[in-house]
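The lines below spell out each chain.
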Amino acid sequence: MTTKVLRSLQVVKKSGSLQCVVCGSRRYSTSTNAESFSTNTSSNTSSTSTNSTNTSSTSTYSRKDAELFDIVVAGGGMAGFAMACSLGQSKVLSSLRVLVLEGGPHTDASLEALSAAPHDNRVCAIAPPSVRLLDKLGVWHDICGVRTGPVKRMQVWDSESDAMIAFGDGHRALAHIVENRVTVAALRARVPSSIEVRYGARVQSFDLPPPATDGLPLLTLRDGGHIRARLLVRGASVVRGASVVRGASVEHLEVWTVCRGGNTAARGTDSLPWWQHCSSRYGQSAVVATLQLEREENESNITAWQKFLPNGPLAILPLRHGLSSLVWTTAPGHAQALLAMDARSFADAINSALWSNERAHSAPWLESLQRRGTQLARDVGHLFSSATAAQVSSRLLPPPVVGVVEDSRASFPLALNHAVHYTANRVVLVGDAAHRVHPLAGQGANLGFGDVAALTTALETSLLLGETLGSASCLYEYERIRQRENLVMLAAIDALQKLYSSTAPPLVLLRALGLAAVDAIAPIKEKIEAYVQR
Amino acid sequence: MPQNYCTVREINIKTETYQNTRHKQQSSFNDEEVRKFGALSDHWWARDGPYKPLHSLNRLRVPLVRDGLISTGATVSKDGRQPLEGVTILDVGCGGGILSEPLARLGASVTGLDASHKSIEAAQQHSSLDADLQGRLQYKCCDLDTFSQRLDQQYDAVVASEVLEHVDSIEAFIESCNACLKPSGSLFLTTINRTPLSFLGAIVAAEYLLRIVPVGTHTWDKFVPIEALKKLLEERGLQTRLQHGMLYAPVLDRWCWVADTSVNYALHAVNIADTSVNYALHAVNYAPESPMSPESPTSSLS
């Protein structure tokens, strides 16, 4: 343990039990499925070095046997591969040497093979801004060629009250439900040949230069290779996006946290933590599955249903006619019970959760207040409505679930995670490495695509200003723009999650009236729709 | 060039003072000013040092030079990353090379010129850290008058950014710059206007109140009124193509383009002395368009 304390927190969850590893030394050892991190500034890897960090940092960062790349993308998930495609397509950035390191194996699954295979249980809702980015990358057409589930209507309601809200007119797609592996495969196929992609490349450690110095990040791979990068882009591994087999363990969460306590007297710099994450565990797990719905003759499956239950929201997302994806956020114990049930009981549990009118607290005074409040909201809404405005939404019931696709049930834990800083000296975080959100709003992947677009623009502007690649001002610009957007979304989603996790009557009343107001007053609803579509 | 501009009597009384200085000194080189910058040479590249506003000014002046040269056709490079390939630029009063380095990275062949040994040393030391600059960037420690008399080549562009307000004789300076310029070459100037507002902004606020620059960096008498400068340029065969004001936000450390040229302003002039076409002196509207830069100012000649 040195006086300069580097603390990293790593959370590994294996089959229900929680293990926390907190390490106080400069370089912490690798555990089985995790990556280690160090800020070793001397070639001596001993953790007892207490020298001032003013000593030359060139010995570690100028390894002669290290390959040098302009940009290294560590982690090839949706954000990582989207970043690679975006770099390859940009006129300004396409001449850079780029390397993508993906820990998962190379799969030969072509898009044609994926379209014939059964639906995967991990899906994302791709919003219109992300569709525009994917279209610009030339990937969206490929994805549509495989399969997407357009969401043309969305209904959200509460189990504790009669309040509900509906979006969409049934014609224009609000979002598209796409399987994660289809998105990743389509992005992989479009990565230009000038960009090198290495599969099965697990990073043993990252050696990052201290702030305001001129060193370059050094990556050490498990197979012993060394790579230096002028700019390191960190995304999350595609392994996390793979489908999880029923009953198997949950994923492990990586929290890439570093606190640097420097020798502040000698360096005269502040000792703010380099990388802290704001994180909270929700105490919930998400159960995913692919459901077979009753096929209705004249109606296509274009509606997304979300019901807020006391334990968490239950969402049914359309995939194709008669098939939908389930994302049920609930308590971990209930999640395990759901996984253990047989298919019939599972389908019955979903139907009863969706169709039941039971309330945790019901009081006549509460219900009459709600009715009056809803009526008031409708009256106010009429003030804003015109002849062409949509009528007050009518409440529909979702089609019954008739079966579950075999081997599609799985669960994973949920957490909120947000890096306090997205950038450091020559390193930048995109996608899930920077933020993880609750799935109740389906925005996780969209925020990642937004990061990719913003980082590409920031790099282009920076290079055209003649700055060096990975200059601090360029990365700071990216961080400023993205945090402004992401924090708003994160705060809103977290607030919604907390608001709907309670059954206390005052909160139920508040949220019922709020939901009714947003549904009835057209300008507010239009603003929300416009924000999502921007 | 038709001589239908104002005579000396009609020029504003403030500029008359500045016009008379040319009779006192014939050189554009001022020993005192050079020593002032030499003393701070360690701090050229310090992130939060006294030259921080010059670093953030790159956000405006690099697109100014880049897009100005693209629009005048000085470069025909199709390279997305190096739009100034094949262009030669002289950066007068380059200091630590804050502007020279980005221009060299964009593909230009840049010669940085400064009269201060210490500044040139700092510039050379910093540029040696970046392998991309080798062969594209060279520095010379020399004053402009001597340099212009011993030229071995003329340049596509001469850039004098934040220099004019430190020289004694603007006329000698412009003459020397013009001598270094190829026919149809571009001259880029950024400096401070001499107005009551600039006294309040650039001296009182910047030096005493907000401490953005050290006290004594600027002298109000040496500020350059924009109209007088444009007339001087016209006399030398340099037609002003673009002028625009610039504004600094101290807390955010950001510069932005503004229409008002009362304090800081930028100017792009083109050497047209060799052409036989008779150019009118009044405004030619010219909007530099660059698909690559959202930051290009639209020009307006008043």
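Report on the accompanying structure. All values reported here derive from a predicted model rather than from experimental measurement.

All names here are of chain B. Strand order in the open sheet made by the eight strands is β3-β2-β1-β4-β5-β8-β6-β7, with mixed pairing throughout. With partners counted over all chains shown, the strands left at the sheet margins are β3 (137–141) and β7 (254–258), one partner each. In this sheet, adjacent strand axes meet at a mean angle of 20° when their direction is disregarded. Both strand β2 (residues 109–114) and β3 contribute to a ladder of five bridges, which runs parallel. Looking across to β3, one finds that Leu113 is bridged to Lys140. On the sheet, helix α5 (residues 117–127) packs against β2 and β3 and is oriented at approximately 165° with respect to β3.

Attention now moves to helix α7 (residues 170–179) of chain B. Most of α7(B) is tucked away, with eight of its ten residues classed as buried. Within the span of α7(B), buried status applies to Ile170(B), Glu171(B), Ala172(B), Phe173(B), Ile174(B), Ser176(B), Cys177(B) and Asn178(B).

Note on sheets: strands pair through backbone hydrogen bonds, and any given pair is parallel or antiparallel. Residue and element names in this part refer to chain A. One open sheet accounts for three strands, arranged β6-β10-β7; its pairing is antiparallel. Of all strands in the sheet, those with a lone pairing partner are β6 (123–126) and β7 (149–151), marking the two edges. Shown here is a sheet whose adjacent strand axes are inclined to one another by a mean of 25°, direction ignored. When β6 meets strand β10 (residues 175–179), the two strands line up antiparallel, connected through four bridges. Counterpart to Val123 in the pairing with β10 is Glu179.

All names here are of chain B. Relative to the helices and strands, Thr195 resides in the loop between β5 (181–192) and α8 (196–209). When the C-alpha atoms of Thr195 and Phe223 are compared, they prove to be 8.5 Å apart, with 28 residues separating the residues in sequence. If we ignore the near neighbours within four places in the chain, the residues touching Thr195 are Trp220 and Ser262. Of the polar contacts made by the side chain of Thr195, one reaches the backbone oxygen of Ser262; its length is 2.8 Å.

What counts, and where the lines are drawn
Residues numbered from 1 in each chain as written. Chains lettered and ligands numbered in written order. Predicted model: local features only at pLDDT ≥ 70, side-chain atom pairs only at ≥ 80, totals over all residues. Heavy atoms only, no water. Pairing = 2+ DSSP bridges. Helix = DSSP H or I, 4+ residues; strand = E, 2+ residues; numbered from the N terminus. Axes fitted to C-alpha atoms, helices over the stretch in contact; angles between N-to-C directions. Contact = heavy atoms within 4.5 Å. Buried < 20%, exposed > 50% of the residue type's maximum accessible area, 1.4 Å probe, protein only. Polar contact = N/O pair within 3.5 Å; in protein donor to acceptor, adjacent residues only side chain to side chain.

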